[in-house]
Amino acid sequence: MDGDDLNRFPCSTCGSDLRYAPGTDLLKCDHCGAEEVIVGHRPFSIPAMAELDYRRAIQDGLSDFETDKVRTFSCENCGAHVEFDPAMHAAECPFCATPVVSGTGEERLIKPRAVLPFELDERSAREAMAKWLGSLWFAPNGLAEYARKGRKMDGIYVPYWTFDAETKTQYRGQRGTVYYVTQRIPVMVNGKRTMQTRKVPKVRWARVSGRVARFFDDVLVLASKSLPTSYTKALAPWDLSSLEPFQPAFLAGFRAEAYTITLEDGFGEAEAIMNRMIERDVKFDIGGDRQRITALNTQVGTLTFKHILLPIWVAAYKYRGQTYRFVVNAQSGSVKGERPYSAFKIAVAVGLGLMIATAIGYGLSAAEQSGYAVIQ
């Protein structure tokens with residue numbers, strides 16, 4: 001991933017650049033059609049996707065073997081850091097369509113340990129996006145048509161952290177048991193005050209303590225700030241069982257975003273996710289009808305991590321002076337984007353609603369007048 005040969009693989013037949021073909025184990029040449037098998041792609045060989053020790057990485061740092069120098073351009077609008085071809089000097093940010101100029105700076109980053117290869121090609125991603133747009137009420141027709149015929153979507157690998165942890169938790173709390181008592185309660189019935197018998201729930205609390213243990217496997221944390229979390233959460237879930245040991249060949253023809261959320265910050269978010277799961281385990285262990293947790297003491301044993309890349313297709317369209325972003329999960333095809341509205345469609349819908357309400361009101365009025373005449 002270092003130097004001028006970043007994610008570039010020349011065709012042995014014609015010398016043009018090979019591209020990874022989504023959903024296959026092949027690199028293909030767009031110029032002559034030649035194909036090359038990615039050596040080491042499952043099921044042929046499965047190199048170990050070794051985890052790294054988190055505490056060692058934080059305390060002692062990582063060796064040059066575990067890190068790499070990466071050249072990126074930085075978007076001042078959305079904060080994305082995306083790897084770029086050294087021959088490229090100006091472009092648009094794939095996340096927000098903001099013009100950017102490539103820099104010459106380098107970042108030393110932790111190498112990816114695994115990658116989830118693209119399953120959907122651009123055509124399939126565009127069809128998924130167009131279908132999603134077509135399902136939105138009040139979306140401008142022109143935008144959906146523009147999206148179908150617009151510029152190519154960008155295939156990007158987005159950085160994530162995953163964390164594995166062995167945890168043991170001691171807790172203290174209270175178990176609540178619901179019981180009912182019969183009480184006479186004053187109520188008003190037909191304007192008169194009367195007494196009625198009702199069963200009222202009460203809770204009997206008992207002190208409890210205990211231990212729970214859980215092994216967390218691949219707690220997934222986004223390592224980028226370029227997309228809103230609402231987007232990335234909507235794209236979940238990801239099938240991480242399809243992860244491949246990292247090979248630059250999977251990135252051929254695609255871009256890779258550099259992580260901007262540090263390892264420590266990433267673990268802070270992972271820890272919050274794990275704590276919520278531990279609290280759920282504790283409440284289940286307490287049992288009863290209600291639970292209260294008064295103290296938790298969690299010990300974390302083995303703690304490891306890895307940097308992985310997950311695939312998305314991104315489109316940032318400028319339509320009538322506004323920018324709309326759409327993201328497609330390149331594994332499952334799920335879509336998320338900014339919801340555009342058509343003022344014309346809204347006005348028509350409001351007008352139709354008023355017409356229908358007026359017609360219903362007129363009909364009811366006519367019926368009432370007709371009924372009154374018959375009675376007279």
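In this report, we go over the structure that sits alongside the text. (Residues numbered from 1 in each chain as written. Predicted model: local features only at pLDDT ≥ 70, side-chain atom pairs only at ≥ 80, totals over all residues. Heavy atoms only, no water.)

1. Looking at the overall build of the protein
Then, in step 1: Each helix and strand counted, the protein has six helices and 17 strands in total.
Then, in step 2: Relative to its full complement of 376 residues, the protein shows a buried share of 40%.
Then, in step 3: Restricting to contacts in the protein with at least 6 residues of sequence separation, those with at least 24 account for 74%.
Then, in step 4: For the protein, the exposed area adds up to about 21200 Å²; of that, 52% sits on carbon and sulfur atoms. (Helix = DSSP H or I, 4+ residues; strand = E, 2+ residues; numbered from the N terminus. Buried < 20%, exposed > 50% of the residue type's maximum accessible area, 1.4 Å probe, protein only. Contact = heavy atoms within 4.5 Å. Areas by Shrake-Rupley, 256 points an atom, 1.4 Å probe, with all protein chains shown as cover.)

2. Comments concerning unusual backbone geometry
Then, in step 1: That bond from Ala236 to Pro237 is cis: its omega, 5°, falls within 30 degrees of zero.
Then, in step 2: As for its position among the elements, Pro237 is in the loop between helix H4 (229-235) and strand S13 (244-245).
Then, in step 3: Positive phi, normally seen in glycine, also occurs at Asp218, with a value near 55°.
Then, in step 4: Of note, Asp218 is situated in strand S12 (residues 192-222).

3. Some thoughts on the packing of aromatic side chains
Then, in step 1: Counted by the stated rule, this structure contains 13 aromatic pairs.
Then, in step 2: For the pair Trp132 and Phe326, a centre-to-centre distance of 5.9 Å together with 70° between the ring planes defines the contact as edge-to-face. With a gap of 194 residues between them, Trp132 in helix H2 (residues 122-134) and Phe326 in strand S16 (residues 322-329) connect regions that are remote in the sequence. Each of the two residues, Trp132 as well as Phe326, counts as buried.
Then, in step 3: Residues Trp161 and Phe305 carry aromatic rings whose centres are separated by 6.0 Å and whose planes lie at 70° to one another, so their mutual orientation is edge-to-face. (Phe/Tyr/Trp six-rings, centres within 6.5 Å; stacked < 30°, edge-to-face > 60°.)

4. Things to note about the sheet that holds strand S3 (residues 35-37)
Then, in step 1: The antiparallel open sheet is built from three strands, whose spatial order is S1-S2-S3. What marks the edges here is a single partner per strand, and that holds for strand S1 (18-20) and S3. For this sheet the average axis-to-axis angle between neighbouring strands, irrespective of direction, equals 30°.
Then, in step 2: Relative to S3, strand S2 (residues 26-29) is paired through three bridges, and the arrangement is antiparallel. By the bridge assignment for S3, Lys28 is matched with Glu35. (Pairing = 2+ DSSP bridges. Axes fitted to C-alpha atoms, helices over the stretch in contact; angles between N-to-C directions.)

5. Here's the deal with the side chain of His307
Then, in step 1: Among the structural elements, His307 can be located in strand S15 (residues 290-319).
Then, in step 2: For His307, a relative accessible area of 5% gives the class buried.
Then, in step 3: Within the structure, the side chain of His307 is placed 3.0 Å from the backbone oxygen of Ile110, a separation counted as a polar contact.
Then, in step 4: Other than its neighbours up to four places away in sequence, His307 contacts Ile110, Lys111, Pro112, Arg113, Ala114, Pro159, Tyr160, Trp161 and Tyr259. (Polar contact = N/O pair within 3.5 Å; in protein donor to acceptor, adjacent residues only side chain to side chain.)

6. Description of the environment of Gln299
Then, in step 1: On the secondary structure map, Gln299 appears in strand S15.
Then, in step 2: Excluding anything up to four places from it in sequence, Gln299 contacts Glu166, Thr167 and Lys168.
Then, in step 3: Of note is the side chain of Gln299, whose polar atom sits 3.2 Å from the side chain of Asn297.

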